[in-house]
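Results of the structural survey
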Amino acid sequence: MLWVLLLLLAWVVAGTACTRLCLAAVRAASADGTDADDTDADDTIAERAHDLTLYEAAFLSGGPRRVADLTLVSMARQRRLLLAHTGWATVVDPRGRDEMERSVIGAIGPEGQSRIAPVRAAAATADAVHGIADRLVSAGLAVPDGTRAGVAAGIRQVRLAAPAVVALGATALLTPAQSEMPRGLVALWFGLPLALTLSCLALARIEVHPYSRWASPAGQRLLGALTRHGGGDDRTDLTSVAVHGVRAIGEPDLRAAFAHREPQHWRA
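Remember, predicted model here, so these are calculated numbers, not experimental data.

**Structural notes on the environment of R235**
Residue placement: R235 occurs in helix 11 (residues 233–244). A relative accessible area of 31% means that R235 is categorised as partly exposed. Expressed as a C-alpha distance, the spacing of R235 and L54, which sit 181 residues apart in the sequence, is 8.5 Å.

Written out as C-alpha cells, the structure is:
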C-alpha cells in the first residue's frame, strides 16, 4: 500500500521539523537570563535601562548594522565626520573617541573618504561590535547567535514541512487505489501530521514571539524603559536613532546620505 509509505514519510517530515523547533525554543528559553522580579519591578528596569549605552541599545534594537549607523550619525552631528547626501563619508577628525569610532575611521581608510555603504558594512563586523554583543549575551539581554539561528531554522523547516505533508497526501489520493481504504479516510490520516505542523507553528508564534531577532524579553523591556526615560535633547535624538534606525534622523540631508543608492548601469 503506497499510501501507507507516504503517510509514514509525512510523519517523519512533520515530526523531525517539529522536534527541531521545540528543541530550539527550549534552548532559547533556557538562554534567557531574565529575573522573575524584573517583570514587576519597573523602577529596577528603568535603572538598568539608564545604564545601557547607546551602542548597546542600538544592538538590541537592530543588531550590528544599527550600531554602525548610530556611530556614523553621532560623529556627523559632532562635525567630526561629514556625511554627504551623495552617499560619501569624509573624515574631519581622525581621532576616534572610542573603539566604535576608531572602527568607522579605519573602515573609511587612509584617504579619509569612502562610500557610506561599505563603511557601514565593515564597521558592523568590527571587533568592537562583537564585544558589545558578548556583553549583552552574558547579561541575558541579547539572544545568542546559535539560539537565534536555531529558532529561525526550526520555524523555516516546519513551514516547509506543512506543504510537504500536503503534497504527500495529494500524491496518495491521486495514486490509483490499491486498497479498500476510502479516500476520505486516507485524507484524514494525512490530516494528522498536517495538524501537528500547523499547531507547532501556532505555538511557536506564541512562545517564541517574545524573542526579537536581537533582544531577549529582558532586553526588550529595557529598551521600552529607555524610550520612556529620555535624557538630554541630544541623547534623546540619538536614542531614537539607536532604537528606530536611520529613519528617525531629523536632518533631511543626513537622512539622505543613508538613503542614497548607487545608480544601476544596465548592459544592453
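Next, the rest of the story.
**Examining the nonpolar core**
Grouped together as the largest cluster of nonpolar side chains are 46 residues, with contacts concentrated most on F59 and L83. Here the element with the most residues in this core is helix 4 (residues 64–77); it accounts for seven residues.

**Some words on the packing of helix 5 (residues 99–108) against helix 7 (residues 127–138)**
Where helix 5 contacts helix 7, the axes come no closer than 8 Å and their chain directions differ by 150°. Here helix 5 lies roughly antiparallel to helix 7, going by the angle between them. Listed contacts from helix 7 to E99, M100 and S103 of helix 5 are A128, V129 and I132.

**Topic: the packing of helix 3 (residues 54–62) against helix 7**
Across the interface, helix 3 lies against helix 7 with an axial gap of 10 Å and an inter-helix angle of 80°. Classified by the angle between their axes, helix 3 and helix 7 sit roughly perpendicular to one another. Contacts from Y55, E56, F59 and L60 in helix 3 reach V129, I132, A133, R135 and L136 in helix 7. Considered class by class, the residues forming the contact of helix 3 with helix 7 number seven nonpolar, no polar and two charged.

**Overview of the pairing of strand 2 (residues 88–91)**
Looking along a regular strand, one sees side chains alternate from face to face of the sheet. Side-chain alternation along strand 2 places A89 and V91 on a buried face and W88 and T90 on a face that remains uncovered. In this structure, strand 1 (residues 81–83) lies alongside strand 2, joined through three bridges in antiparallel fashion. Looking at strand 2, one finds that L82 is bridged to T90. In sequence, strand 1 turns back onto strand 2 through a hairpin of four residues, with G87 there showing a positive phi of about 95°.

**What about a nonpolar patch on the surface?**
On the surface, W11, L185, L188, W189, L192 and L196 cluster together into a nonpolar patch covering about 540 Å² of accessible area. We classify L188 as exposed; its relative accessible area is 56%.

**Side note on the sheet that holds strand 1**
With antiparallel pairing, three strands are arranged side by side in an open sheet as 1-2-3. Looking at which strands have only one partner, the edges of the open sheet turn out to be strand 1 and strand 3 (113–115). With strand direction ignored, the average angle separating the axes of adjacent strands in the sheet is 20°.

**Examining the side chain of R66**
Residue placement: R66 occurs in helix 4. D69 provides the closest opposite charge to the buried, unpaired R66, separated from it by 5.2 Å. A polar atom in the side chain of R66 sits 2.9 Å from the backbone oxygen of V243. Those residues in contact with R66 that lie beyond four places of it in its chain are A58, S61, V241, A242, V243, H244 and G245.

**So, the environment of L254**
Mapped onto the secondary structure, L254 falls in helix 12 (residues 252–259). L254 gets classed as buried once you look at its relative accessible area, which sits at 9%. Measuring from C-alpha to C-alpha, the distance between L254 and L83 comes to 6.6 Å, with 171 residues separating the pair along the chain. With near-sequence residues (within four places) excluded, L254 lies in contact with V73, A76, R77, L83 and I249.

Conventions used here
Residues numbered from 1 in each chain as written. Predicted model: local features only at pLDDT ≥ 70, side-chain atom pairs only at ≥ 80, totals over all residues. Heavy atoms only, no water. Helix = DSSP H or I, 4+ residues; strand = E, 2+ residues; numbered from the N terminus. Buried < 20%, exposed > 50% of the residue type's maximum accessible area, 1.4 Å probe, protein only. Core = buried A, V, L, I, M, F, W, Y, C linked by side-chain atoms within 4.5 Å. Axes fitted to C-alpha atoms, helices over the stretch in contact; angles between N-to-C directions. Parallel < 35°, antiparallel > 145°, perpendicular 65-115°, else oblique. Contact = heavy atoms within 4.5 Å. Nonpolar A, V, L, I, M, F, W, Y, C, P; charged D, E, K, R; others polar. Pairing = 2+ DSSP bridges. Patch = residues over 30% accessible without salt bridge, like charges linked within 9 Å, V, L, I, M, F, W, Y side chains within 5 Å. Areas by Shrake-Rupley, 256 points an atom, 1.4 Å probe, with all protein chains shown as cover. Salt bridge = Lys/Arg side-chain N within 4 Å of Asp/Glu carboxyl O. Lys, Arg positive; Asp, Glu negative; His and termini not counted. Polar contact = N/O pair within 3.5 Å; in protein donor to acceptor, adjacent residues only side chain to side chain.

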